[in-house]
Amino acid sequence: MATRKRTALPKLAPCEPCKGTGQITETVYAGRGARRHRIADQEATCLDCLGSGTAPA
């Protein structure tokens, strides 16, 4: 019996918004109207790849 050839799994492309890390930076704002200003940046899970770091199919 001959052995089966195994094909290599295709390499997945990294996600564009998070560049393959699975994390993105979101800006946090406070205030309302003209007094609204930036307070800080916080890490968030990338919603395009859901934290996996690979581009969705």
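See the structure printed just above.
If you're wondering where the values come from, they're calculated on a predicted model, not measured in any experiment. (Residues numbered from 1 in each chain as written. Predicted model: local features only at pLDDT ≥ 70, side-chain atom pairs only at ≥ 80, totals over all residues. Heavy atoms only, no water.)

Take the overall build of the protein next. Regarding its fold elements, the protein presents zero helices and two strands. Whereas a compact globule of 57 residues would reach a radius of gyration of roughly 10 Å, the protein reaches 20 Å, over 25% beyond that. With the C-alpha coordinates aligned to their principal axes, the bounding extent of the protein is approximately 75 × 15 × 15 Å. The buried share of the protein, reckoned over its 57 residues, is 14%. Considering only contacts in the protein between residues 6 or more positions apart, those separated by 24 or more positions represent 38%. Carbon and sulfur atoms provide 54% of the accessible area of the protein, an area that totals close to 5400 Å². For the protein, the centre of its 9 positive side-chain charges and the centre of its 5 negative side-chain charges are spaced 8 Å apart. (Helix = DSSP H or I, 4+ residues; strand = E, 2+ residues; numbered from the N terminus. Rg over C-alpha atoms; globule rule 2.2 N^0.38 Å. Buried < 20%, exposed > 50% of the residue type's maximum accessible area, 1.4 Å probe, protein only. Contact = heavy atoms within 4.5 Å. Areas by Shrake-Rupley, 256 points an atom, 1.4 Å probe, with all protein chains shown as cover. Lys, Arg positive; Asp, Glu negative; His and termini not counted. Charge placed at Lys NZ, Arg CZ, Asp CG, Glu CD.)

The next subject is the pattern of salt bridges. Pairing between side chains of opposite charge can happen when their charged atoms approach one another. Within the structure shown, the criterion is met by one salt bridge. As a salt-bridge pair, Asp41 and Arg38 come within 3.2 Å of each other at their nearest N and O atoms. You can call Asp41 partly exposed: its relative accessible area is 43%. (Salt bridge = Lys/Arg side-chain N within 4 Å of Asp/Glu carboxyl O.)

On to the environment of Asp41. Locating Asp41 in the fold gives a position in strand 2 (residues 37-45). Considering only alpha carbons, one finds Asp41 and Ile24, 17 residues apart in sequence, at a separation of 9.9 Å. A polar atom in the side chain of Asp41 sits 3.4 Å from the side chain of Thr27. A distance of 3.2 Å separates a polar atom in the side chain of Asp41 from a polar atom in the side chain of Arg38. (Polar contact = N/O pair within 3.5 Å; in protein donor to acceptor, adjacent residues only side chain to side chain.)

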